[in-house]
Amino acid sequence: MSLRLPAFPFDNRRVVGALFLAPALLYILLIVGFPFLLAIAFGFSDVTVGNTDLNFVGFRNFEAVWDNAIFRQVFETTIRFTLISQVFILLFANILAIIFTQDFTGKWFARFIFILPWATPVSLAMIGWLWMLDTKYSPIDYLLLQTGFLGPGGILSKDRNLFWLASPDLAQISVIFVQVWRMTPLATVILMAGLSSIPTDILDQAEVDGSRFMRTLLLIKLPLILPIMVIALLFSMITMFGDMTVVYVLTRGGPVDYTRVLGLYSFQVGIEGGNLAQGAAISLFAFPLLLAMAIFMLRTASRAEVR
Amino acid sequence: MTSIIRTLIVLTICAAVSAASAAQDGFPDGTEISLLQWSHFVPTYDEWFDAYTREWGAANNVSVTVDHVNFTELPTSLAAEIDAGQGHTIIELPSSPASLVQGLHDLSDINSQADALFGERRHHCKAVTYLPSVGVYYGFAAGYALNHGNYDIELWAAAGYPEGPKTYEDLLAGGRAIFEATGIPVGIGISPEIDSEIANREVIWSFGGSVQDESGNAVFNSPATVAAVKYLAQLQNQAMTAEVFGWTGASNNQALVAGAASFILNPDSAYRSLQKVDRPAAANIGFTPALVGPAGAFGGTHAFISVIPAYVEGSQLQAAKKFLLDLAANYSEITYHSELFNLPCFPGTVTELDSWLDDDPFGSSPADKFAVLKTAIDRSVNFGFPGFSNPAIAQVYAEHIIPKVIAQVALGEATAEDAVALAGERIEEIFAHWRSLGLVGSGG
């Protein structure tokens, strides 16, 4: 005779599942969903920072933003910075993930040091970089000057400084470099998780079959972690596409408009300029692109997954 | 008409009596005000100011707290507090918050009282607190900092200008000669930040150009602006390094203290920084008023604009207004403790100013180094000159359109005519937007 226990709501998998999901859903609704809906409402209104009455104006703000030559240039810069950064992030993250999944002395310390750029608050880290790349007192310039690369007769420049954040080319390189420095640890950690999850019997089998390092890497490891690599890339791209802190602290978009990105321009127009409606419209232009990118990448990841 | 004037006089007297009565009796128990303002360039000023607020609070039965933050954070803090409907009672900003006018109290009453109590007011102080299109004083400015030339006396004397440059022609010729001979450049920023924005506008005004006219019409695209942009590009190419494209709020100070610029445009804070670390080097710095261009000489100002957000009510509002009026009355103390950085919008409040400028109480060598500022004061104008500051002017600044145009031309990426025309289109769009909201115009 079996004992039949009374029905309990938590016995129902659907109820338990919903309960477990609830905090995450609530978080997304409050932190992401509500501001997103608010941004849409702002984008279709004439709201200003001083007057938050929502008067519907149709697509006027979106038309004005699209007609704005600065916006088009900023949009192009944002895409360019994001794509170039991702190439380097993916390359470095793969190399570092492979290194950090090997056994060597001091591995845990090396991992700890390496994760710091990601763990450090971004504004704090950028103040550090602002000093490193200072137009007059950059320690990098000082080292180059001492080693004869800068100054009279210098190979890189006759000046005593390279003007990292003032020269159009170097300012762009600096911003991309700092973004790569900041985002690579996250991508590396995700890839390390992917590499650790590869069943050891597959790797053992490859070893028994005489597969060497590069062959194992290119034909076994990378294909197996491709889905997770796509996720790492997606995280990194979305974070960078919407970021404004790096350029806000380092260059404020200059010189000229070379480092002005979408997040910064939206902030300058919407908050600093008081034109909240157009600021919202500027930021919303990123949404369709990011959505399409996310769908494409998630589908790619799903197809690449080994079932 | 007579009855309106009579009513206005009665109301003014009532307000003055009410303020005087409040001063005598103090405010109701529990009245609190909080201030948010920038960390002053002269650190001892903040110490004096905090002590002053405590004394004022004790005398008026008001609890006063003061928060000091970096000046770049103030506009966004104010915007956030207005949207939240709570925050500080008084916020002091170094730039006009005209775009927030609908979230701020109309301070016409204390502006009228200040006019009656303190007499003449510098027009540029009114122009950054009054929005003519809606007839509202959204702020109250009792003081400002004045941009002026700071030059290396030895370098300029060697170049044949013992009293420094007086015109923009002098600046180009002398600055170029010094740069070629010593490698020390002129330091005028062409970068998206406040010092560059003011310095760039000074040149444009002096060449006869401007962002708007007196009535708030966008007029940036003009031959005068093109000429000014060409001049600045030439100055950059011949007398400055690429550093000016990455100029920051600290660059003027850094350049002067390091002896790495022959000329900068800045209030006296950079000089005072140098004076504290190297008196002989400071003695080698001379001041010039705004340089003369083809259309005159116009010096930029940073007015210190106090605003009271609309969420402030009751006795708190009355206490805040009284605090601002009392502070204006005490501007002599402010000018002194800021080491002559803060100058009065109401000259009558600092009767000692001329004697301080003639004989610097903070040990400048020569003692009359600041005397030249008397001329500089007469050349001072506001950020939106020749019109009033308004939300469109604020957005043109926020988008950093002007330094961008000049940098484009200096880098050879566009002709001055094309760059100014393109920027002019964007500026017209911005003005059209704010005009459609009724917040631009009628300033003439």
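Refer to the structure above for everything that follows.
Here we summarise the structure given alongside this text. The shown structure was predicted, so the numbers you read here are calculated from the model rather than taken from an experiment.

## Remarks on the overall build of chain B
For step 1, the next point in the chain: Counting its regular elements, chain B contains 19 helices and 13 strands.
For step 2, the next point in the chain: In terms of overall dimensions, chain B is globule-like: its C-alpha atoms have a radius of gyration of 22 Å, near the 22 Å expected for 444 residues.
For step 3, the next point in the chain: Summarising its shape, the C-alpha atoms of chain B cover approximately 65 × 50 × 40 Å along the three principal directions.
For step 4, the next point in the chain: Of all 444 residues assigned to chain B, the portion counted as buried reaches 60%.

## Points about the interface of chain A and chain B
For step 1, the next point in the chain: Opposite the 36 residues of chain A that make contact, chain B presents 35 residues.
For step 2, the next point in the chain: Note on chain A versus chain B: buried area summed over both sides is about 3100 Å², and carbon and sulfur give 56% of it.
For step 3, the next point in the chain: Here chain A is connected to chain B by two salt bridges.
For step 4, the next point in the chain: Of the charged contacts in the structure, one is a salt bridge between Asp257 of chain A and Lys404 of chain B, with a shortest N-O distance of 2.8 Å.
For step 5, the next point in the chain: Put simply, chain A and chain B have nine residue pairs in polar contact (both at pLDDT 80 or more) between them.
For step 6, the next point in the chain: Elements with a contribution of two residues or more to the side of chain A that touches chain B: α3 (69-100) and α11 (262-272) of chain A.
For step 7, the next point in the chain: Broken down by class, the residue content of the side of chain A that touches chain B amounts to 14 nonpolar, 14 polar and eight charged.

## Side note on the sheet that holds strand β10 (residues 285-288) of chain B
For step 1, the next point in the chain: With mixed pairing, four strands are arranged side by side in an open sheet as β8-β9-β7-β10 (chain B). Single-partner strands in this sheet number two, and they are β8 (186-187) and β10 of chain B.

## Notes on the environment of Ser364 of chain B
Residue and element names in this part refer to chain B.
For step 1, the next point in the chain: Among the structural elements, Ser364 can be located in the loop between α15 (353-358) and α16 (373-378).
For step 2, the next point in the chain: Here the alpha-carbon distance between Ser364 and Ile190, two residues 174 residues apart in the chain, equals 30 Å.
For step 3, the next point in the chain: When near neighbours in sequence (up to four residues on either side) are disregarded, Ser364 contacts Tyr271, Arg272, Gln275, Lys369 and Phe370.
For step 4, the next point in the chain: Separated by 3.4 Å, the side chains of Ser364 and Gln275 make a polar contact.
For step 5, the next point in the chain: Within the structure, the side chain of Ser364 is placed 2.5 Å from the side chain of Asp360, a separation counted as a polar contact.

Cut-off values and rules
Residues numbered from 1 in each chain as written. Chains lettered and ligands numbered in written order. Predicted model: local features only at pLDDT ≥ 70, side-chain atom pairs only at ≥ 80, totals over all residues. Heavy atoms only, no water. Helix = DSSP H or I, 4+ residues; strand = E, 2+ residues; numbered from the N terminus. Rg over C-alpha atoms; globule rule 2.2 N^0.38 Å. Buried < 20%, exposed > 50% of the residue type's maximum accessible area, 1.4 Å probe, protein only. Contact = heavy atoms within 4.5 Å. Buried area = accessible area lost by both parts, 1.4 Å probe. Salt bridge = Lys/Arg side-chain N within 4 Å of Asp/Glu carboxyl O. Polar contact = N/O pair within 3.5 Å; in protein donor to acceptor, adjacent residues only side chain to side chain. Nonpolar A, V, L, I, M, F, W, Y, C, P; charged D, E, K, R; others polar. Pairing = 2+ DSSP bridges.

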